[in-house]
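Commentary on secondary and tertiary structure
What follows is the residue order along each chain.
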Amino acid sequence: MTLVDDLAELRFDNRFTAVLPADPKRMNLTRPVHGAAYSFVRPTPPAVVPGAQGGPRLLAHAPEVAELLGLSEAAAASPRFLAVMSGAEVLPAMEPFAMCYGGHQFGHWAGQLGDGRAINLGQAVAPDGARWFLQLKGAGPTPYSRTADGLAVLRSSLREFVCSEAMAALGVPTTRALSLCTTGDRVLRDMFYDGNMKHEPGAVVCRVARSFVRFGSFELPASRGEEELLRQLADHVLAEHFPELLPADGTPTPETYAAMLTSVARRTAELVVHWDRVGFVHGVMNTDNLSILGETIDYGPYGWLEDYDPNWTPNTTDAGGRRYAFGKQADIALWNLVRLAQALHPLVGAVEPLQQAVDGFGKHYSKTWRATMAAKLGLAELRDEQDLALVQDLLGVMGEHETDMTLLFRELGRVPLEGELDPATRLGAFEAAWHGAEQGAAEPDDAVRTAALAWMERYRARVATEGPGWFTDEARRAGMDAVNPRFVPRNWILQLAIDDAEAGDTARLHELQEVLARPYDEQPGKEHLATRRPEWARERAGCSMLSCSS
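Concerning the overall build of the protein chain
Secondary structure summary: the protein chain contains 18 helices and 11 strands in total. Computed over C-alpha atoms, the radius of gyration of the protein chain comes to 24 Å, within 12% of the 24 Å expected from 2.2 N^0.38 for 550 residues, which places it in the range of a compact globule. Counting only C-alpha atoms, the protein chain reaches 75 × 60 × 50 Å along its principal axes. Burial statistics for the protein chain: of 550 residues in total, 57% are counted as buried. Long-range pairs, those at least 24 residues apart, make up 72% of the contacts in the protein chain between residues at least 6 apart in sequence. Across the protein chain, the mean location of the 53 positive side-chain charges is 3 Å away from that of the 73 negative side-chain charges.

Now the structure itself:
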């Protein structure tokens, strides 16, 4: 594959803006936008030009994404790359725009939302012919910024950059991230909406995706009775991302739109099961934050289960209702799919096919979840209700004492089940995952230990039924290691990287990039990035719960 050394050599094929109607007004003022899928708008350049003292600086880039786009390392290291990725320069082939969409936020219809701090530069054509949107997040206001400034700060940008690529390495469907730049500007933010405003380093992350169309992209025109725009958007999404669903003549029918919803429901079910598998909590599953492609999108106040709690949410805004808690993500995904089905109803004209599509979510989620949990436990499948109870009872034991989900499942693969074992060995996985004094928690009591030992005996007996030679300890461990990561981007570790980056040191950021690119490998010497949350991080801002503020 030939890679280009200059970003200007990248080819663009901006089909989204070529096919869909644009906002006829070109002024960049906050306002309602009707009858349009997007508004043309350019990034706001940083106050100081790239290359000058105090100007934009490239903190990191993702070599894998650069290569995916056909860019060499020389291109990523060039002054032009920094200029474009910081919003200081727009290449002639680009057609920057902000997307128009609506959404339900925390269960309530919010009306028009749109890309308030995201500007799509255009669709780049990769060497394999695939088209990828390049989108700058934090590059200035758009007509959809409402009362905000369209900017982003380093802490939120670093979190999105790192987690996007970590999720891809984990095998979780996701948007990608090409680069992370500081702008040299200072951005005023109130991190927890408590009146404590302060200036923080401004930053821009370049997000990369095949599509940034969301459930809310369909909701807005449907809510306004703009059926022609709704149809144009659906037809474009079908042609670009679901061509296999189109009839031979290429003209969608009502059945085609219903089939698209069926596919979206399946993809969304698989996505949520992936989140369940790795202990990820999105934190803000509004309908404008769910991708039509079933990919993780919009990394805001996300979090990872430092201790297993189905009722935990990382979002301070959600702390009261816990609508988007870990254990509710499947239910919310289904709720959001119903909203999408309602938006597509004008194109389908009947409720029954839409209902069938939505009902398919639960069936596919249950089937995929069972297969995934079996794999996490080193089993070929969950055979019956007893196997299902084995999984549910493990989650119950995990909830009786603060238990690091990531560590427990990884360590379960290391407990030898062949031959006789003493209680200490059988409890090894739990001992490695239980929070204790060093995590600001009490030590597990005798009742917890007894419950864990009893579960381990049931687990050992169940594994034995897989048959001799089917799952030896070595084979079981290899299989479990393939689905249970050693490393995930824990909030408290990211906060340390943020602290260093704000002080001008990116060593920890680059170490995280390197380690999280291989999350299933042991990586000796990097054990400090796969440990239980320390006590100091339990309540510290940014290490547990976060706000929607950027």
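Here we look at the packing of helix H8 (residues 254-278) against helix H9 (residues 329-348)
Packing of H8 against H9 leaves a shortest axis separation of 10 Å and a crossing angle of 165°. In terms of orientation, H8 and H9 fall into the roughly antiparallel class. Judged by the sense of rotation from one axis to the other, the crossing of H8 with H9 is right-handed. Residues Pro 254, Tyr 257, Ala 258, Met 260, Leu 261, Val 264, Ala 265, Thr 268, Val 272, Trp 275 and Asp 276 of H8 pack against Gln 329, Ala 330, Ala 333, Leu 337, Leu 340, Ala 341, Leu 344, Leu 347 and Val 348 of H9. In terms of residue class, the contact of H8 with H9 is made up of 17 nonpolar, two polar and one charged.

Some details on helix H12 (residues 405-412)
In terms of residue burial, H12 counts as a mostly covered element, since eight of its eight residues are buried. Listing the buried residues of H12 in full gives Met 405, Thr 406, Leu 407, Leu 408, Phe 409, Arg 410, Glu 411 and Leu 412. Of the surrounding secondary structure, the elements contacted by the buried residues of H12 are H8, helix H10 (352-376), helix H11 (385-400), helix H14 (428-433), helix H15 (446-464) and helix H16 (473-481).

Side note on unusual backbone geometry
Even without being glycine, Arg 146 reaches a positive phi, approximately 55°. With respect to the element layout, Arg 146 can be found in the loop between strand S7 (131-137) and helix H5 (154-170). Taking the relative accessible area as the measure of exposure, Arg 146 reaches 47% and is therefore partly exposed.

Section: the pattern of salt bridges
Per the counting criterion, the structure on display carries 39 salt bridges. Across the pair Asp 298 and Arg 214 runs a salt bridge, and its minimum N-O distance is 2.7 Å. Of this pair, Asp 298 sits in the loop between strand S10 (280-281) and strand S11 (303-304) while Arg 214 is found in the loop between strand S9 (197-209) and helix H6 (215-224), placing the two residues 84 residues apart along the sequence. Each member of the pair, Asp 298 together with Arg 214, is buried. For Arg 490, the salt bridge identified is with Asp 404, shortest N-O distance 2.7 Å.

A word on H11
For H11, with 16 residues, the first-to-last C-alpha span of 22 Å sits near the 22 Å given by 1.5 Å per residue. Every buried residue of H11 is accounted for by Asp 387, Leu 388, Leu 390, Val 391, Leu 394, Leu 395, Val 397 and Met 398. For H11, the N-terminal capping position is held by Asp 384, with its side-chain oxygen 3.1 Å away from the main-chain nitrogen of Gln 386.

Digging into the pairing of strand S5 (residues 108-112)
The sheet contact formed by strand S4 (residues 102-105) and S5 spans three bridges and is antiparallel. Bridge pairing in S5 links Gly 102 to Gln 112. Count of turn residues in the S4/S5 antiparallel hairpin: two residues, of which Phe 106 carries a positive phi of about 55°.

Comments concerning the packing of aromatic side chains
Evaluated as defined, the whole model comprises 19 aromatic pairs. Geometrically, the ring pair formed by Tyr 299 and Tyr 302 is edge-to-face, given 5.8 Å between the ring centres and 90° between the ring planes. The burial state of Tyr 299 is the same as that of Tyr 302; both residues are buried. Note on Tyr 308 and Phe 326: the rings are 6.3 Å apart at their centroids and 80° apart in plane angle, and the pair reads as edge-to-face. Of this pair, Tyr 308 sits in the loop between S11 and H9 while Phe 326 is found in the loop between S11 and H9, placing the two residues 18 residues apart along the sequence.

Side note on the nonpolar core
In terms of nonpolar packing, the biggest core is built from 129 residues, with Phe 16, Leu 158, Phe 218, Leu 412 and Phe 430 touching the most fellow members. By residue number, the principal contributor to this core is H8, which donates 12 residues. Residue contacts for Phe 218: discarding those within four places in its chain leaves Val 213, Leu 230, Leu 233, Ala 234, Val 237, Met 260, Ile 292, Leu 340, Ala 343 and Leu 344. Counting residues in each nonpolar core, the second largest holds 30 residues, with Ala 75, Leu 82, Leu 121 and Trp 132 among its members.

Quick notes on the side chain of Ser 39
Tracing the backbone shows Ser 39 in strand S1 (residues 38-40). Taking the relative accessible area as the measure of exposure, Ser 39 reaches 0% and is therefore buried. If we ignore the near neighbours within four places in the chain, the residues touching Ser 39 are Asp 23, Val 33, Phe 97, Ala 98, Pro 143 and Tyr 144.

Notes on the environment of Arg 477
Tracing the backbone shows Arg 477 in helix H16. The partly exposed category is assigned to Arg 477, whose relative accessible area is 35%. Discounting residues that sit within four places of it in the chain, Arg 477 has contacts with Gly 413 and Arg 414.

Overview of the side chain of Ser 263
Summarising the element assignment, Ser 263 is placed in helix H8. On the basis of relative accessibility, which here comes to 15%, the residue Ser 263 falls in the buried class. Leave out the neighbours within four places in its chain, and Ser 263 touches Phe 242 and Leu 245.

Details of the environment of Pro 45
Mapped onto the fold, Pro 45 is located in the loop between S1 and strand S2 (57-61). It is 36 Å that separates the C-alpha atoms of Pro 45 and Ala 537, two residues lying 492 residues apart in sequence. The contact partners of Pro 45, leaving out residues within four places of it in the chain, are Gly 87 and Ala 88.

About the thresholds
- The written sequence of each chain sets the order in which its residues are numbered from 1.
- The predicted origin of the model limits local features to residues at a pLDDT of at least 70 and limits the giving and counting of side-chain atom pairs to 80 or more, whereas totals for whole chains, interfaces and linings rest on all residues.
- In computing side-chain values, all of the structure's heavy atoms are included and hydrogens and water are not.
- Where helices and strands are cited, they refer to DSSP runs of H or I of at least four residues and of E of at least two residues respectively, numbered from the N terminus.
- In this description the radius of gyration comes from C-alpha coordinates, and the expected globular size is given by 2.2 Å times residues to the power 0.38.
- Relative accessibility thresholds used throughout: buried, under 20% of the residue-type maximum; exposed, over 50%; partly exposed, between the two (1.4 Å probe, protein chains only).
- Contact definition: two residues touch when any of their heavy atoms are within 4.5 Å.
- The charge count treats Lys and Arg as positive and Asp and Glu as negative. His and the chain ends do not count.
- Where a charge lies is defined by one atom per residue type: Lys uses NZ, Arg uses CZ, Asp uses CG and Glu uses CD.
- In this description, a line fitted to the C-alpha atoms serves as the axis of each element, helices being fitted only across the stretch in contact, and the angle between N-to-C directions of two axes falls anywhere from 0 to 180 degrees.
- Any angle that is under 35 degrees is reported as roughly parallel, and any over 145 degrees as roughly antiparallel; angles of 65 to 115 degrees are reported as roughly perpendicular and all others as oblique.
- Helix crossings get a hand from a simple test, with the near helix turned counterclockwise from the far one by less than a right angle marking a left-handed crossing and a clockwise turn marking a right-handed one.
- When residues are grouped by polarity, Ala, Val, Leu, Ile, Met, Phe, Trp, Tyr, Cys and Pro land in nonpolar, Asp, Glu, Lys and Arg in charged, and all others, Gly among them, in polar.
- Basic side-chain nitrogens of Lys or Arg form a salt bridge, by our definition, when they fall within 4 Å of a carboxyl oxygen of Asp or Glu.
- Here, expected helix span is obtained from the residue count minus one, scaled by 1.5 Å.
- By the criterion applied in these results, polar contacts are pairs of N or O atoms within 3.5 Å in which, for protein atoms, one can donate a hydrogen and the other can accept it, and in which residues neighboring in sequence qualify only through two side-chain atoms.
- The criterion for strand pairing is that DSSP finds at least two bridges linking the strands in question.
- Pairing of aromatic rings covers Phe, Tyr and the six-membered ring of Trp, with a centre-to-centre limit of 6.5 Å; geometry is then stacked below 30 degrees between planes, edge-to-face above 60, and tilted otherwise.
- We call a set of buried Ala, Val, Leu, Ile, Met, Phe, Trp, Tyr and Cys residues a nonpolar core when their side-chain atoms join them within 4.5 Å.

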